[in-house]
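# Per-entry structural report
Residues per chain, in single letters:
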Amino acid sequence: MAQPEVTVYQRHLAQLSSRDDQANFRALMDQIRRITRRSYETDLYDHQQTFRLLWHHLERTGHLRHVHSEARARLASGRVAPAERAELELFLTVYQQVRGKSDRTGA
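Residues numbered from 1 in each chain as written. Predicted model: local features only at pLDDT ≥ 70, side-chain atom pairs only at ≥ 80, totals over all residues. Heavy atoms only, no water.

### Section: the overall build of the chain
What the chain contains, in helices and strands, is 5 helices and 0 strands. In the chain, the order of α-helices and β-strands from amino to carboxyl end is α-α-α-α-α. For the chain, the residues scored as buried account for 35% of the 107 residues in total. Long-range pairs, those at least 24 residues apart, make up 62% of the contacts in the chain with a sequence separation of at least 6. (Helix = DSSP H or I, 4+ residues; strand = E, 2+ residues; numbered from the N terminus. Buried < 20%, exposed > 50% of the residue type's maximum accessible area, 1.4 Å probe, protein only. Contact = heavy atoms within 4.5 Å.)

### Focus on the packing of helix α2 (residues 21-37) against helix α4 (residues 63-77)
With their axes 11 Å apart at the nearest point, α2 and α4 run at an angle of 75° to one another. One element, α2, and the other, α4, form an angle in the roughly perpendicular class. Contacts between α2 and α4 involve D21, Q22, F25 and L28 from the former and H63, L64 and V67 from the latter. Tallied by class, the residues present in the contact of α2 with α4 amount to 4 nonpolar, 2 polar and 1 charged. (Axes fitted to C-alpha atoms, helices over the stretch in contact; angles between N-to-C directions. Parallel < 35°, antiparallel > 145°, perpendicular 65-115°, else oblique. Nonpolar A, V, L, I, M, F, W, Y, C, P; charged D, E, K, R; others polar.)

### Re the packing of α2 against helix α3 (residues 44-61)
With their axes 9 Å apart at the nearest point, α2 and α3 run at an angle of 145° to one another. In the packing of α2 onto α3, the handedness of the crossing is left-handed. Counted together, D21, N24, F25, A27, L28, Q31, I32, R34 and I35 of α2 and L44, H47, Q48, T50, F51, L54, W55, H57, L58 and T61 of α3 form the full contact between these two elements. (Left-handed = near helix turned anticlockwise from the far one by under 90°.)

### Some details on the layout of surface pockets
Any empty space left between the atoms is revealed when a probe the size of a water molecule rolls over them. When its volume is computed, the second largest pocket comes out at roughly 300 Å³. Lining the second largest pocket are 13 residues, and of these F25, V67, E70, E84 and L88 sit closest to its centre. Taken together, the elements giving at least two residues each to the lining of the second largest pocket come down to α2, α4 and α5 (82-105). Among the elements that line the lining of the second largest pocket, the one with the most residues is α4, at 5 residues. (1 Å grid on protein atoms, 1.4 Å probe; cavity = no way out; pocket = protein on both sides within 12 Å on 5 of 7 lines; lining within 4 Å. Points joined across faces, edges and corners; volume = space filled by probe spheres on them.)

### Topic: the nonpolar core
Most often, soluble globular proteins keep nonpolar side chains buried together rather than apart. Formed by 21 residues in total, the largest nonpolar core has its most connected members in F25, L28, I32, F51, W55, L64 and F91. Listing elements by their share of this core, those giving two or more residues are α2, α3, α4 and α5. When neighbours within four sequence positions are excluded, F91 is seen to be in contact with F25, M29, W55, L64, V67, H68 and A71. (Core = buried A, V, L, I, M, F, W, Y, C linked by side-chain atoms within 4.5 Å.)

### Comments concerning the environment of F51
Mapped onto the elements of the fold, F51 is located in helix α3. In this structure the C-alpha to C-alpha distance between F51 and I35, which are 16 residues apart in sequence, comes to 9.0 Å.

Structure follows, in structure tokens:
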């Protein structure tokens, strides 16, 4: 009998504690890009669950707050290459959407 396919969520859950915050943040950005580009390894739900897993983990460690502050400062400096600017703006957009949603729900 064939083994069931490991979901993206299961794979990231297994790796979560063995990776540092930077690696988990890169994985989070990968999920954001996959969701926005509709480029799924499995399906949208699996990637959304993986995004939530990574987001909540990085929120608990304080890394998202740190990256948010750093991203704003990098953009304000004006010395950012176009590709990096696009990544920073993507993160800041998602950050504002998620934080705004949690502020409205009281989470």
